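Per-entry structural report
Listed below are the residues making up each chain.
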Amino acid sequence: MSKYFLGVDGGQSRTSAMIGDERGRVLGVGLAGPSNHAGAAEGRNKFITAMNTCLEAACSEAGLHAGAIRFASACLGFSGGPQDKEEILKLILPSEKTIVTHDALIALAGATAGDPGLIAIAGTGSIAFGRNACGKTARAGGWGYLFGDEGGAFWIAGQALRAALRFEEGWGPSTSLRAALLEATGATNANDLLHRFYTTDFARPRIAGFAKLVDEVAEKGDAIAREILTEAARQLARIATAVRQQLFPAGEAGRFTYAGGVFRSSTVLTTFQGLLEIESGQWVQPPVHGPAAGALLEAYRLAGLQCTLSDVPEEKPRQY
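Residues numbered from 1 in each chain as written. Predicted model: local features only at pLDDT ≥ 70, side-chain atom pairs only at ≥ 80, totals over all residues. Heavy atoms only, no water.

1. Observations regarding the sheet that holds strand β10 (residues 282-284)
On the basis of which strands lie adjacent, the open sheet formed by five strands has the order β8-β7-β6-β9-β10 and mixed pairing. Two strands close off the open sheet at either side, each with one partner strand: β8 (137-141) and β10. For this sheet, the mean angle separating the axes of adjacent strands, direction not counted, is 20°. By the bridge criterion, three bridges tie strand β9 (residues 254-259) to β10 in an arrangement that is parallel. Across the sheet, residue Gly254 finds its bridge partner in β10, namely Gln282. (Pairing = 2+ DSSP bridges. Helix = DSSP H or I, 4+ residues; strand = E, 2+ residues; numbered from the N terminus. Axes fitted to C-alpha atoms, helices over the stretch in contact; angles between N-to-C directions.)

2. Quick look at empty space enclosed by the protein
All chains considered together, the criterion is met by one cavity of 30 Å³ or more. Taken as a whole, the largest cavity encloses approximately 30 Å³ of empty space. Around the largest cavity sit Gly117, Leu118, Arg244, Phe248, Gly254, Arg255, Phe256 and Gln282, which together line it. Contributions of two or more residues to the lining of the largest cavity are made by β6 (117-122) and β9. Per-element accounting of the lining of the largest cavity gives the leading share, three residues, to β9. Split into classes, the residues belonging to the lining of the largest cavity amount to three nonpolar, three polar and two charged. (1 Å grid on protein atoms, 1.4 Å probe; cavity = no way out; pocket = protein on both sides within 12 Å on 5 of 7 lines; lining within 4 Å. Points joined across faces, edges and corners; volume = space filled by probe spheres on them. Nonpolar A, V, L, I, M, F, W, Y, C, P; charged D, E, K, R; others polar.)

3. Let's talk about the pattern of salt bridges
Across all of its chains, the model carries 10 salt bridges by this definition. As a salt-bridge pair, Arg23 and Asp21 come within 3.5 Å of each other at their nearest N and O atoms. Of the residues examined, Arg23 reaches a relative accessible area of 61% and is grouped as exposed. Taking the shortest distance from any N to any O, the salt bridge between Arg25 and Asp21 comes out at 3.3 Å. Salt bridges here are not isolated pairs; linked through shared partners, they connect Glu227, Glu231, Arg234 and Arg238. (Salt bridge = Lys/Arg side-chain N within 4 Å of Asp/Glu carboxyl O. Buried < 20%, exposed > 50% of the residue type's maximum accessible area, 1.4 Å probe, protein only.)

4. Overview of the nonpolar core
When a protein is soluble and globular, its nonpolar side chains tend to lie buried together. Ranked by size, the top nonpolar core spans 54 residues in total, and within it Ile156, Leu177, Val214, Leu236, Phe263 and Phe272 carry the most contacts. Here the element with the most residues in this core is helix α9 (residues 223-247); it accounts for 11 residues. Not counting residues within four places of it along the chain, the set of residues in contact with Phe263 comprises Ala120, Ala122, Leu236, Tyr258, Val268, Leu269 and Phe272. (Core = buried A, V, L, I, M, F, W, Y, C linked by side-chain atoms within 4.5 Å. Contact = heavy atoms within 4.5 Å.)

5. A closer look at a nonpolar patch on the surface
A cluster of nonpolar residues, Trp143, Tyr145, Leu146 and Phe147, forms a patch on the protein surface that exposes about 560 Å² of accessible area. Within the fold, Trp143 resides in the loop between β8 and α4 (153-169). (Patch = residues over 30% accessible without salt bridge, like charges linked within 9 Å, V, L, I, M, F, W, Y side chains within 5 Å. Areas by Shrake-Rupley, 256 points an atom, 1.4 Å probe, with all protein chains shown as cover.)

6. A look at the pairing of β6
Taking burial as the measure, the six residues of β6 include six buried ones, the bulk of the element. Covered by surrounding structure in β6 are Gly117, Ile119 and Ile121 together with Leu118, Ala120 and Ala122, the residues of both alternating faces. Both β6 and strand β7 (residues 126-131) contribute to a ladder of six bridges, which runs antiparallel. Looking at β7, one finds that Leu118 is bridged to Gly130. Where β6 folds back on β7, the antiparallel hairpin that results is connected by three residues. Bridge count between β6 and β9: four bridges; the pairing is parallel. Each residue of the ladder has a partner; that of Ala120, found in β9, is Tyr258.

7. Some thoughts on the packing of aromatic side chains
In this structure the tally under the stated criterion is seven aromatic pairs. Note on Phe5 and Tyr300: the rings are 4.7 Å apart at their centroids and 45° apart in plane angle, and the pair reads as tilted. Linking Phe5 in strand β1 (residues 5-10) with Tyr300 in helix α11 (residues 291-302), this pair joins segments that are 295 residues apart in sequence. Like Tyr300, Phe5 is buried. Feature note: the residues Phe197, Phe202 and Phe210 constitute an aromatic cluster, connected by ring pairs. Looking at Arg166, its charged tip hangs above the ring of Trp171, at a distance of 5.9 Å from the centre. The ring centre of Phe202 lies 3.9 Å from the NZ or CZ of Arg206, which sits over that ring. (Phe/Tyr/Trp six-rings, centres within 6.5 Å; stacked < 30°, edge-to-face > 60°. Lys NZ or Arg CZ within 6 Å of the ring centre and 35° of its normal.)

Note that every value here comes from positions in space, so none of it alone points to a role or purpose.
Structure follows, in structure tokens:
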């Protein structure tokens, strides 16, 4: 009888399920809505709906009956962490072996195709995570928007607002960020914008979205915007280096990779790459696969199998 394996990437915007066979061939992919929170009753219902929807869609594409399949192993990674989801999954997911984990692990596994290495993730927030050949893992950053997340999109937008306020009040250098932010939001001045950012109309993801505007202003030659992005890259390089030092001896070759919308900025990516590749043997490369494929690779790992994935569809960039 054929064995099937399941990887799931559950995030703030969508849930992706990927089914593979014993040889590592991807048979089907299914998508559904967000599944990052399952604590309250409403969140639990949305979580169950998202899981059932993506599993049914993946099974349908794979030519399998969703109500009859039992997976040999499954790995599910969630941006909200595993704590409020494990008990629910025991009831709704038919699998011989199951691991429920965080999104950084599956992002790393996908980005390095299961090989040792580390990943810097910079979306709304930021974190670095790594795993060496012995299976030891380490992380740095990811403390949240109040006390950390340096280099993430929310941090970048916050630095841009600070620069606009300093310029407006006469104690900071001139920057086009002020005019760009006012035009984008309809605010009358930087102080007005500050107060708007404290309202529910500007949730964290919306504020983080202004990081793209900072990149646009930097590309037009604004020195302050460029310095904000350069500092974001420095911060991301610092947490990546902290993880490397915990996992890989000095001089040992290591693979760095990255994920998240902040790295779409050429200023951030180029600076990040340059800082990390100063040390001999270190190199930065784009992700090989996305996090759903990473979860599938972790499902094989859980079953004691080493597979090279084939027929992997391109994953839409994940919203971290």
